[in-house]
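Each chain, written out:
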Amino acid sequence: MAEQRRDAQDAEQERMWAELVATARRTVADGLVVGTSGNVSARVGDLVLVTPSGVPYDRLTPDDLTGVDLAGRQVFGTLVPTSELPMHLAVYRTTDARAIVHTHAVHATAVSTLVPELPPVHYMTGALGGSVRVAPYATYGTDELAENMLRALTGRSGCLLQNHGTITYGTTLDQAYDRTAQLEWMCRLWLTASSVPGLTPSLLTETQLREAGERLRGYGQRK
C-alpha cells in the first residue's frame, strides 16, 4: 500500500512537472518573458516544483524535475531553483495558491514604473480581486521583495512588481497563466487609452468591479 502511494505521488509530480514546463514555454512563446527571465511553480502537497535558474525552458526534460519543500530546502533535482524562490514560497505559505506564474511582460512592467496601481479600465480587474497594486521595488530574489509583494497581493490574486514585472497565482497552472495574460492585456489597454492626447480613460468604480468579480466567479462551463 505504501509503495502504491509513492508510485501515485511520483506520477502526480511527473504530470505536474510536464504541465509546469509547458506553461513556462508558453510564457516565452506568448512574449511575456525573454530568454530565461520569469519563472513558474506548482504546489503538490508540501512540495513546490519550480523552474530552475538560468536554464532555457526548451532544454528542460522530465529528468530535470526540480522541487523544494515549503522551507526552501531542495528535495528533488540537481539544478538550482529559480532565484525568485522567496516570492513563490511566500505566496504558498500565506494563500491557497497551487500554481504561480511570474513574468517580465513589457506592458505590465511599463505600467509598474508609472503608477502605484493599475487604473481599473476593464471589468476583468475584478477577476484579480480588485485594482491591481504595484509592489515597491526591491532587488530580485530578496526577502524584501517577497514582503513587498505580499502586501500588494492582499485581497488579490495578482500584482505588479515595480520596475520588474508581474506575479499571479491560482488553483491551477492554467488559471495562474490566464491571470497573467489578462493582466498584461489590461496594462496594454490602459497604456493605449491613456496615450490619446486630450482624453482620459473612463475608469470603473469599486462597486462595478465588485459586481464584475462576483459574476466572473460563476463564469464558464459548470462541471
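Above this note sits the structure.
What you are looking at is a predicted structure, and each value in this text was computed from that prediction instead of being measured. (Residues numbered from 1 in each chain as written. Predicted model: local features only at pLDDT ≥ 70, side-chain atom pairs only at ≥ 80, totals over all residues. Heavy atoms only, no water.)

Caption draft 1: A look at unusual backbone geometry. For Asn163, which is not glycine, the phi torsion reads 55 degrees and is therefore positive. Positionally, Asn163 belongs in the loop between strand E7 (158-161) and strand E8 (165-170). With relative accessibility at 49%, the residue Asn163 sits in the partly exposed group. (Helix = DSSP H or I, 4+ residues; strand = E, 2+ residues; numbered from the N terminus. Buried < 20%, exposed > 50% of the residue type's maximum accessible area, 1.4 Å probe, protein only.)

Caption draft 2: Broad picture of the packing of helix H2 (residues 85-94) against helix H4 (residues 143-153). Running from N to C, H2 and H4 point in directions that differ by 40 degrees, and their axes come no closer than 8 Å. For the element pair H2 / H4, the angle class is oblique. Pair H2 / H4 crosses with right-handed handedness. Only Asp143, Leu145, Ala146, Met149, Leu150 and Leu153 of H4 make contact with H2, whose side of the interface consists of Pro86, Met87, Ala90, Val91 and Thr94. Within the contact of H2 with H4, the residues separate by chemical class into nine nonpolar, one polar and one charged. (Axes fitted to C-alpha atoms, helices over the stretch in contact; angles between N-to-C directions. Parallel < 35°, antiparallel > 145°, perpendicular 65-115°, else oblique. Left-handed = near helix turned anticlockwise from the far one by under 90°. Contact = heavy atoms within 4.5 Å. Nonpolar A, V, L, I, M, F, W, Y, C, P; charged D, E, K, R; others polar.)

Caption draft 3: Quick peek at the layout of surface pockets. Of the voids in this model, the second largest pocket is the one considered here, and its volume is about 160 Å³. As for the second largest pocket, its lining consists of 15 residues, and the residues nearest its centre are Thr36, Gly38, Asn39, Thr82 and Ser83. Of the residues contributing to the lining of the second largest pocket, the split by class is three nonpolar, 11 polar and one charged. (1 Å grid on protein atoms, 1.4 Å probe; cavity = no way out; pocket = protein on both sides within 12 Å on 5 of 7 lines; lining within 4 Å. Points joined across faces, edges and corners; volume = space filled by probe spheres on them.)

Caption draft 4: Structural view of the pattern of salt bridges. What the rule picks out here adds up to five salt bridges. A salt bridge links Arg73 to Asp69, with the nearest nitrogen and oxygen atoms 3.0 Å apart. (Salt bridge = Lys/Arg side-chain N within 4 Å of Asp/Glu carboxyl O.)

Caption draft 5: Structural context of the nonpolar core. Within the largest apolar cluster, 35 residues are counted, with the highest numbers of intra-cluster contacts made by Leu49, Leu118, Leu160 and Leu183. Listing elements by their share of this core, those giving two or more residues are helix H1 (2-29), strand E1 (39-44), strand E2 (47-50), strand E5 (99-103), helix H3 (106-112) and helix H5 (173-194). Of the residues forming this core, the biggest block, seven residues, is contributed by H5. Beyond its immediate chain neighbours, meaning those up to four positions away, Leu118 contacts Val111, Ser131, Val132, Leu183, Met186, Cys187 and Trp190. (Core = buried A, V, L, I, M, F, W, Y, C linked by side-chain atoms within 4.5 Å.)

Caption draft 6: Highlighting the pairing of E7. What you see with E7 is no split at all: Gly158 and Leu160 on one side and Cys159 and Leu161 on the other are buried throughout. With two bridges joining them, strand E6 (residues 134-135) and E7 adopt parallel strand pairing. Each residue of the ladder has a partner; that of Ala135, found in E7, is Leu161. Note on the crossover from E6 through H4 to E7: the handedness is right-handed. Sheet analysis places E7 next to E8, joined by four bridges and oriented antiparallel. Residue pairing in the sheet places Cys159 in a bridge with Ile167 of E8. Adjacent in sequence and paired antiparallel, E7 and E8 are bridged by three residues, among which Asn163 carries a positive phi angle near 55 degrees. (Pairing = 2+ DSSP bridges. Right-handed = clockwise from strand over helix to strand, strands pointing away.)

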